[in-house]
Amino acid sequence: MAEATNHTLHTPTTAQTDASRAVGIQIRKLYKIFGPTPEKFLPAVLDGMSKQELREQHGHVLGLRDIHIDMPAGGIQVVMGLSGSGKSTLIRHINRLIDPTSGEVLVGNDAQQVDVVKMTASQLQRFRREETAMVFQKFALFPHLTVQENTEYGLKVQGIKPKQREEQALRWIERVGLKGYESSYPNQLSGGMQQRVGLARALTNDAPILLMDEAFSALDPLIRTDMQSVLLDIQQEIGKTIVFITHDLDEALRLGDRIAILRDGEVVQQGTGQQIVLKPADDYIESFVRDVNRGRVIRCRTLMQDGPAVEGPTVDASLVIEEAARLLSAEGKDAADVVNSKGKRLGTVCMNDIIAAMVPPRDEAPGTQPG
Ligand SMILES: Nc1ncnc2c1ncn2[C@@H]1O[C@H](COP(=O)(O)OP(=O)(O)O)[C@@H](O)[C@H]1O
Ligand SMILES: [Mg+2]
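Residues numbered from 1 in each chain as written. Chains lettered and ligands numbered in written order. Predicted model: local features only at pLDDT ≥ 70, side-chain atom pairs only at ≥ 80, totals over all residues. Heavy atoms only, no water.

To continue, consider the sheet that holds strand β6 (residues 132-136). If you walk across this open sheet you meet the six strands as β6-β7-β8-β3-β9-β10, and the pairing is mixed. In this open sheet, the two strands that pair with only one neighbour each are β6 and β10 (266-271). Here the average twist between neighbouring strands, direction ignored, is 15 degrees. Relative to β10, strand β9 (residues 258-263) runs antiparallel, the two being bridged by five bridges. Residue pairing in the sheet places I261 in a bridge with Q269 of β10. Sheet strands in contact with helix α4 (residues 121-131) are β6 and β7 (209-213), and its direction is about 65 degrees off that of β6. In the packing of helix α8 (residues 221-238) onto the sheet, contacts are made with β3 (76-80), β7 and β8 (241-246), and the angle to β8 comes to roughly 165 degrees. (Pairing = 2+ DSSP bridges. Helix = DSSP H or I, 4+ residues; strand = E, 2+ residues; numbered from the N terminus. Axes fitted to C-alpha atoms, helices over the stretch in contact; angles between N-to-C directions. Contact = heavy atoms within 4.5 Å.)

Below you can see the structure in the form of structure tokens.
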């Protein structure tokens, strides 16, 4: 494919990765009603009209109701929920592919925050191109472009010079494990490899916000786990603000620094994975977390007790207890000293507590609760 000429395009920005550019996203009082006259029904919805009544009596769909989420700068915010719960509707408000019926989407840091909802068309265009990148479930690669051309595409649209965008693209193609496939076409690649291209393309754009809508949901389980590892590994280095949508709890717990759970367009619980697993807000969430491997979610910090130093291994407070159990078992010890990231001793954790936390007592087991 012929190179586009650059001289007619606007001045390129530098495409440098810089974690200090991390921006937070704050969603405030966000409502979305789908239908011909959403504004007309907003007051009733604000007054508490149910999704069902809105649909059955008035032919409008309540997409989102009163969403408040603080998405951490430089962290992974997971949005989880069943199909139809409003996840895609929510993520599309962040780059305003969908306009809200009311509410704010504030993006930035303490020094400067802008409301995406109030952006003019040209501000929005710049914001979408330079501040956000998306990874889609269905990859959305150009079939007639090679891996490298697909990966460079966003920078090309931004008017970045060929040499510079090639440098960036090749770096990320290698980083996602596709070195050697630069000249392949998407239909020559497996699904997992195509999604690596989708990720490389998004990373090459070097936007501070990465929006991933069920990006791994179409992949086979093993490949999906691989992609999660690739993402976590790269995130260590880039520290972007990632909004990751999934309907899978294991994926949510593995990736999410914070998790928000949606049901019927409302946030039913948000917090860390551990908070959600240990204190599910209602039966709906309890049914989600029932079968989760708690050993991979609960951290030593949570089970730690005061007490004198023990003769045994030393574990980091953020280590998940399954790993701590593995260590204890390997060394034949009953307890470990817990330390913070600077090596300061905080307390001890013992094998009995770990086992009790990993295996909930019988009367907590599903189906045995009274009433
Ligand atoms: N353009 C639209 N018009 C009417 N209803 C819509 C539209 N887009 C989404 N919806 C409805 O909003 C709800 C949430 O949809 P969506 O955000 O796609 O859910 P999810 O991504 O969690 O599967 C669903 O009830 C869906 O039917
Ligand atoms: Mg969706």
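The rest of the description comes next.
Scanning the entire structure with this criterion turns up 21 salt bridges. R165 is the partner of E152 in a salt bridge, and the nearest nitrogen-oxygen pair spans 2.9 Å. Of this pair, E152 sits in helix α5 (residues 147-157) while R165 sits in helix α6 (residues 162-175), and the two are 13 residues apart along the sequence. Here E152 matches R165 in class, with each residue buried. The shortest N-O distance in the salt bridge between R224 and E251 comes to 3.0 Å. Of this pair, R224 sits in helix α8 while E251 sits in helix α9 (residues 249-255), and the two are 27 residues apart along the sequence. In this pair, the class of R224 matches that of E251, namely buried. Here the salt bridges share partners, and the residues they tie into one network are R171, R175, D233 and E237. (Salt bridge = Lys/Arg side-chain N within 4 Å of Asp/Glu carboxyl O. Buried < 20%, exposed > 50% of the residue type's maximum accessible area, 1.4 Å probe, protein only.)

Let's shift gears to the sheet that holds strand β2 (residues 61-71). What the four strands build is an open sheet, ordered β2-β1-β4-β5; its pairing is antiparallel. The two strands at the open ends of the sheet, each matched to only one other strand, are β2 and β5 (113-115). In this sheet, neighbouring strand axes are inclined to one another by 20 degrees on average, regardless of whether the strands run parallel or antiparallel. For strand β1 (residues 24-34) and β2, the ladder comprises seven bridges, and the chain directions are antiparallel. Paired with K32 across the strands is L64, a residue of β2. Against the sheet, helix α1 (residues 38-46) contacts β1, β2 and β4 (102-108), and its axis sits at roughly 110 degrees relative to β1. Each of β1, β2 and β4 is contacted by helix α3 (residues 87-94), which is oriented at about 125 degrees to β1, the strand it contacts most.

Before going further, it helps to examine the nonpolar core. Core analysis: the biggest nonpolar cluster contains 45 residues, and L199, M212 and F244 have the highest contact counts within it. When neighbours within four sequence positions are excluded, F244 is seen to be in contact with I76, Q77, V78, V79, M212, F216, L231, E251 and L255. Ranked by size, the runner-up nonpolar core spans 25 residues in total, among them L30, L64, V107 and V243. (Core = buried A, V, L, I, M, F, W, Y, C linked by side-chain atoms within 4.5 Å.)

For the rest of this paragraph, the subject is the packing of helix α7 (residues 191-204) against α8. Two measures define how a pair of helices packs: the angle their axes make with one another and the distance between the axes. Contact pair α7 / α8: the axes reach a minimum separation of 11 Å and the direction vectors enclose 20 degrees. On the basis of their axis angle, the class for α7 and α8 is roughly parallel. The handedness of the crossing between α7 and α8 comes out as right-handed. Where α7 approaches α8, its residues G192, Q195, R196, L199 and L203 are matched on the opposing element by I223, D226, M227, V230, L231, I234 and I238. Considering only residue class, the contact of α7 with α8 consists of eight nonpolar, two polar and two charged. (Parallel < 35°, antiparallel > 145°, perpendicular 65-115°, else oblique. Left-handed = near helix turned anticlockwise from the far one by under 90°. Nonpolar A, V, L, I, M, F, W, Y, C, P; charged D, E, K, R; others polar.)

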